[in-house]
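Chain by chain, the residues:
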Amino acid sequence: MPDSQPQPPSHSWPSPSGPADPAPLLLCGARLTDGRTVDVRLGGGRIEAVGTAGSLAADGTRTCGTPIDLSGYLLLPAPAEPHAHADTALSADDGGPVSYDPRDVQRRATEAALLQLGHGATALRAHVRVGDMAGLGALTAVLRTARSLRGLAELTTVAMPRVLTGTAGADGLAVLRDAMKMGATVVGGCPDLDPDPTGYVEAVLEVAAEHGCPVDLHTDAADPARLARFAAMAGGMRSRVTLGPCGGLARLPAEVAGRTADRLAAAGVTVVCLPQGGCGAADGRGAAPVRLLRSAGVRVAAGSGALRDVSNPVGRGDPLEAAYLLASCHGLSAGDAYAAVSTSVRAALGLPEVRVEAGFPAELLAVRGDRLSEVLSPAYSRVVVHGGRVVTRTSAVRDYCGSAATAESGLPRQGRGETP
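All values derive from a computational prediction rather than experimental measurement.

J.: Could you give an account of the nonpolar core, naming the residues involved and the relevant values?
T.: Residues Leu-264 and Leu-293 are the most contacted members of the largest nonpolar core, which totals 82 residues. In terms of residue count, helix α4 (residues 197–211) provides more of this core than any other element does, 7 residues in total. Leave out the neighbours within four places in its chain, and Leu-293 touches Leu-249, Ala-261, Leu-264, Val-271, Ala-288, Val-298 and Val-300. Ala-30, Val-40, Val-356 and Ala-362 belong to the second-largest nonpolar core, a separate cluster that totals 20 residues.

Pasting the structure below:
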């Protein structure tokens, strides 16, 4: 059953820049993963209080906030998207080469970010091609998108040049430095595509050191010696280097893959896997060996990768689908699978931790269902909170053709008027 289009929440939408102090909200009757049913009060963009259902009424000193009924919903820390390709998203059906006209890029990037926000991702890291045919136009368009979405979602950009070594690489290096001055916040790229992969990584690390910013590299990781060199070079940037999608690790002999995973763990590198499919910036398909990496102590986060571009024409960009695949295909528990698209991603992106506890940022996702294993399956109806206010809502309606048998048997139904 397809989801309906997102509906505006009951209170007013924020302005594009977002209010300085969002109005207080009271999320009523939500279920937590530990089984408790609670009310959650939000104010100033943070969680102010969590109490048993009905306990957070006005106390005479302050109002309890606008109530939003979340009965029947599981309340979770919001997921984040670490591996979006905003410049090529939604281009699979355009025909011909991808247009890098800034107007086309901004239109696609905005639609893609809103689609992913509707799924629950309140923060996104977009990998944007710079240089060659894209020049700096695609980056300019994605930066404009980020500004236009302020107050709805947090969008940051990774500058991705194609070649950084040799004669051709001089231009790429100059464009990369210009991209960082323009507002890109992460240095990235795909060393596998450069004639000198090691030299490419050296150049990326040099620019990252100049600007004091993180590094996010695309690699299939099919060459263990090369990956070991990358890990050694990244060791000086503890916990600020991300590699993905690393699908080639799964094709290596187990002993070799294990030693490589140990080196990545020692260097503090985060691996972003793409269980929904690969992306055009790295060869190969298939996900990284998630359980092997986790057992070695590597932080593993999960992203969506291509969103309906030529690399994956049916990509959905849904973090819950990525978590579902980690649980169903890679043997992770529902809790660990969801952490890979939420807690681990936020850590990899340098974002504050989120828990459904007082004092933490009000970045939340409510999904209709009673338990995590359930919401990773259908996950139709969702309410997304960013910066302490509801920014999008998706309501699904399930009917069984009006059959009397369905009413008599008490089959599950998501009906009109039941969503917050």
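J.: Explain the environment of Cys-329 residue by residue, including any values.
T.: Inspection of the secondary structure assignment puts Cys-329 in helix α8 (residues 319–330). Take Cys-329: its relative accessible area is 55%, and that puts it in the exposed class. It is 8.8 Å that separates the C-alpha atoms of Cys-329 and Pro-275, two residues lying 54 residues apart in sequence.

J.: Report on unusual backbone geometry, specifying residues and quantitative values.
T.: Of note, the bond from Gly-244 into Pro-245 is cis; its omega dihedral lies within 30 degrees of zero at 0°. Inspection of the secondary structure assignment puts Pro-245 in strand β11 (residues 241–245). At Leu-90, a residue that is not glycine, the phi angle is positive and equals roughly 60°. With respect to the helices, strands and loops of the structure, Leu-90 is situated in the loop between β6 (81–84) and α1 (102–119). You will see that Cys-246, though not glycine, has its phi angle at about 60°, which is positive. If you trace the backbone, Cys-246 turns up in the loop between β11 and α6 (254–267). The class of Cys-246 is buried, set by a relative accessible area of 0%.

J.: Before we move on, can you summarise the pairing of β11 with the specific residues and values?
T.: Among the 5 residues of β11, 5 are classified as buried, and the element is accordingly described as predominantly covered. By the bridge criterion, 5 bridges tie strand β10 (residues 215–219) to β11 in an arrangement that is parallel. Within the sheet, the bridge partner assigned to His-218 lies in β11 and is Gly-244. Both β11 and strand β12 (residues 270–273) contribute to a ladder of 2 bridges, which runs parallel. In the sheet register, Thr-242 faces β12, and the bridge partner there is Thr-270. Note that the unit made of β11, α6 and β12 has a crossover that is right-handed.

Calculation notes
- Residues numbered from 1 in each chain as written.
- Predicted model: local features only at pLDDT ≥ 70, side-chain atom pairs only at ≥ 80, totals over all residues.
- Heavy atoms only, no water.
- Core = buried A, V, L, I, M, F, W, Y, C linked by side-chain atoms within 4.5 Å.
- Buried < 20%, exposed > 50% of the residue type's maximum accessible area, 1.4 Å probe, protein only.
- Helix = DSSP H or I, 4+ residues; strand = E, 2+ residues; numbered from the N terminus.
- Contact = heavy atoms within 4.5 Å.
- Pairing = 2+ DSSP bridges.
- Right-handed = clockwise from strand over helix to strand, strands pointing away.

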